[in-house]
Amino acid sequence: MSSQITVRIDGVLCTATEGETIFEVAEANGKHIPSLCHMEGVSSAGSCRLCLVEVAGIDRLLPACTTPAQRGMAVTTTSDRLSSHRRLALELMFVERNHICAVCVSNGHCELQALAQSLGVTHVRYPYNSPRLSVDVSHPRFVLDHNRCILCSRCVRVCDEIEGAHVWDIGGRGIGSRVVADLDRPWGESQACTACGKCVQVCPTGALVEKGYAVEEMTRSKAAIARLAVKKGATP
Amino acid sequence: MQSAASQRLQTFDQAFVDSVIAERTGRPGALLGILQKVQEHQPAQYLPTEVLEYIAAKTATPLSRIYGVVTFYALFSLAPQGKNSVCICRGTACHTRGSRDLLEQAMMRLGLQQDQDGETESLSVTTPDGLTTLRTVACFGQCALAPVVEVNHTIFGHMNERSLQKALETLDLGGPLS
């Protein structure tokens, strides 16, 4: 069965259960690792690359949310190298689509914005892509704004694993990737959608929002999803 | 209602799709194989919406998952493809040896318009007469032969304007290329 192991995180010895990820061990021991795609209650995707950590003896950086903690591992969660990688990852997210906080319903409650502030990303070093993306307002209660999506796939996972509807998935590839409902239909026409709103609750940015909110008004509750996951026994 | 349902089913070979699904059910990664077999069997080598919906219902796969798979892999097409296929490699090695010029030449010869947004990452366009589909790929894995062009499943290496012209003349267009 699962046995207890010891790992060193930022020099501190931490006890962990075999199979736990570095991210989980760190959180349990009061170390916060930044992340935009990881979420309590659903599986990890390792897509945002913000939880990258250094592991002694391994040259490349590893995502904490998908790397299992191993006996005797020595993990570093903050360093100049990590900060510069995390800032770069954030900059590329800002460059890729149209993140304009001043007109966003999630302004002030946005995980992307908060992370950029905490990591000191005040500007980007690359030209903006400024893609022309659509906004799907076909759903009676919710809105999907591709301009603000960072493709973290939290909505995909929560809809599949907690709600069981699997309305969302990522269509396309590379720079052309988009969150799609069913066969890339308007959200409002989705046969599978139960209008439960879980995807809206977990969105880290202003990509999935409830209708009827003005700038800065949209708040969310991720904790409710974690509780639901526990009740369903779906916690991975 | 009945007639509408049966009419819908006529757009693809339901018995064939059923047999492909039955053959692969339970195998890991079955979806990819099912989609590939079904597309090969379709007259215009593509996956119409009705087929995707049918496969989704039959295999209890979410529609969005199927759409994700179909749009991720370049080999699947959601639009009818021509009976001729021309595929130009736009990988790094082929690019440095002039594959952009070959692509432009092929588009001109086939009477195709370049996208307004300029060059997209991957391209798949079919001529208005539905005879020829022109695609680009990121790499054929034949970089020593760069630039590489595939015409009707034959791979041509070291292509230039003249040899591409010759290769394009072998296309079955139901008449000479003007």
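Preceding block: the structure.
In this report, we go over the structure that sits alongside the text.

1. As for the overall build of chain A
The helix and strand inventory of chain A stands at six helices and ten strands. In summary, chain A has a C-alpha radius of gyration of 18 Å against a globular reference of 18 Å for 236 residues, a match within 12%. Per-residue burial for chain A yields a buried fraction of 48% across its 236 residues. Here the contacts in chain A between residues at least 6 apart in sequence split such that 62% fall between residues at least 24 apart. For chain A, the distance from the average position of its 25 positive side-chain charges to the average position of its 24 negative side-chain charges is 1 Å.

2. Some thoughts on unusual backbone geometry
Residue P147(B) is bonded to the preceding A146(B) through a cis peptide linkage, with omega at -5°. Positionally, P147(B) belongs in the loop between β3 (132–137) and β4 (149–151). For D184(A), which is not a glycine, the phi torsion comes out positive at approximately 55°. Structurally, D184(A) can be placed in the loop between β9 (178–181) and α5 (198–202).

3. Focus on the sheet that holds β4(B)
Strand pairing in a sheet takes place through backbone hydrogen bonds and is either antiparallel or parallel in direction. Residues and elements named next belong to chain B. With mixed pairing, the five strands of this open sheet are ordered in space as β2-β3-β1-β4-β5. In this open sheet, the two edge strands, each paired with only one partner strand, are β2 (124–126) and β5 (154–156). For this sheet, the mean inter-axis angle between neighbouring strands, taken without regard to orientation, is 15°. In the sheet, β2 pairs with β3 via three bridges, with the strands oriented antiparallel. Bridge assignment links T126 to a residue of β3, and that residue is T133. Helix-sheet contacts for helix α7 (residues 99–110) involve β1 (84–89), β2, β3 and β4, and the interaxial angle to β3 is about 165°.

4. Quick notes on the pairing of β9(A)
Residue and element names in this part refer to chain A. Strand direction decides the pairing type here: strand β8 (residues 168–171) and β9, joined by four bridges, are antiparallel. The residue bridging D169 from the neighbouring strand is V180, located in β9. What sits between the antiparallel neighbours β8 and β9 is a turn of six residues, in which G172 has the positive phi angle 75°.

5. Quick word on the state of the cysteines
Formally, a disulfide is one covalent bond, and it connects the sulfur atom of one cysteine to the sulfur atom of another. The tally for this structure, following the rule as stated, stands at zero disulfides over all chains. Cysteine C104(A) is unpaired, with the sulfur of C110(A) as its nearest cysteine sulfur at 6.1 Å.

6. Points about the sheet that holds strand β4 (residues 62–63) of chain A
Residue and element names in this part refer to chain A. Overall, mixed pairing links the five strands, which are arranged β2-β1-β5-β3-β4 in an open sheet. The open sheet has two free edges, formed respectively by β2 (12–17) and β4, since each of these has just one partner strand. In this sheet, β4 lies alongside strand β3 (residues 52–55) in antiparallel orientation, the contact comprising two bridges. Residue pairing in the sheet places V53 in a bridge with L62 of β4. Against the sheet, helix α2 (residues 80–96) makes contact with β3 and β5 (74–76), and its axis sits at roughly 155° relative to β3, the strand it touches most.

7. Quick notes on helix α2 (residues 14–24) of chain B
In an α-helix, one full turn covers 3.6 residues, which means residues spaced three or four apart are oriented alike. Residues and elements named next belong to chain B. Within the sequence span of α2, burial applies to V17, V20, I21 and R24. Down the axis of α2, the buried side of the element spans an arc of 95°, and every buried residue falls inside it. Facing away from the buried side of α2 by more than 90 degrees, the exposed set consists of A15 and A22. Those residues of α2 that are buried are in contact with α3 (30–41) and α4 (49–59).

8. Examining empty space enclosed by the protein
All names here are of chain A. All told, the structure shown has three cavities of 30 Å³ or more when counted by the stated rule. Of the volumes computed, that of the largest cavity is approximately 110 Å³. Every residue lining the largest cavity is counted, 13 residues in all, and those nearest its centre are H99, I100, C101, C104 and C110. For the lining of the largest cavity, the per-class residue count stands at six nonpolar, six polar and one charged. Estimated volume of the second largest cavity: approximately 90 Å³. Lining the second largest cavity are 14 residues; nearest its centre among them are C149, C152, C155, C203 and A207. Residue composition of the lining of the second largest cavity, by class: eleven nonpolar, two polar and one charged.

9. A short note on the layout of surface pockets
Residue and element names in this part refer to chain A. Taken as a whole, the second largest pocket holds about 520 Å³ of empty space. Taken together, 25 residues form the lining of the second largest pocket, with F23, E27, H38, M39 and E40 sitting closest to its centre. Residue assignment for the lining of the second largest pocket shows that the elements contributing at least two residues are α1 (22–28), α3 (111–118) and α6 (223–232). In terms of residue count, α1 provides more of the lining of the second largest pocket than any other element does, three residues in total.

10. What to know about a nonpolar patch on the surface
All names here are of chain B. The grouping of L32, F72, Y73 and L75 at the surface amounts to a nonpolar patch, some 330 Å² of accessible area in total. Looking at the secondary structure, you find F72 in helix α5 (residues 63–72). Owing to a relative accessible area of 37%, F72 belongs among the partly exposed residues under this scheme.

11. A word on the environment of T66(A)
Summarising the element assignment, T66(A) is placed in the loop between β4 and β5. Not counting the four nearest positions on each side in its chain, T66(A) is found in contact with T21(A), S44(A), A45(A) and G46(A).

12. Let's talk about the environment of A116(A)
All names here are of chain A. Positionally, A116 belongs in helix α3. Owing to a relative accessible area of 5%, A116 belongs among the buried residues under this scheme. For the pair A116 and R86, spaced 30 residues apart in sequence, the C-alpha separation works out to 9.3 Å. Ignoring any residue separated from it by four or fewer positions in sequence, one finds A116 in contact with L90, F94 and V121.

Reading the values: rules and limits
- Residues numbered from 1 in each chain as written.
- Chains lettered and ligands numbered in written order.
- Predicted model: local features only at pLDDT ≥ 70, side-chain atom pairs only at ≥ 80, totals over all residues.
- Heavy atoms only, no water.
- Helix = DSSP H or I, 4+ residues; strand = E, 2+ residues; numbered from the N terminus.
- Rg over C-alpha atoms; globule rule 2.2 N^0.38 Å.
- Buried < 20%, exposed > 50% of the residue type's maximum accessible area, 1.4 Å probe, protein only.
- Contact = heavy atoms within 4.5 Å.
- Lys, Arg positive; Asp, Glu negative; His and termini not counted.
- Charge placed at Lys NZ, Arg CZ, Asp CG, Glu CD.
- Pairing = 2+ DSSP bridges.
- Axes fitted to C-alpha atoms, helices over the stretch in contact; angles between N-to-C directions.
- Disulfide = S-S within 2.5 Å.
- Arc of directions from axis to C-beta.
- 1 Å grid on protein atoms, 1.4 Å probe; cavity = no way out; pocket = protein on both sides within 12 Å on 5 of 7 lines; lining within 4 Å.
- Points joined across faces, edges and corners; volume = space filled by probe spheres on them.
- Nonpolar A, V, L, I, M, F, W, Y, C, P; charged D, E, K, R; others polar.
- Patch = residues over 30% accessible without salt bridge, like charges linked within 9 Å, V, L, I, M, F, W, Y side chains within 5 Å.
- Areas by Shrake-Rupley, 256 points an atom, 1.4 Å probe, with all protein chains shown as cover.
- Salt bridge = Lys/Arg side-chain N within 4 Å of Asp/Glu carboxyl O.

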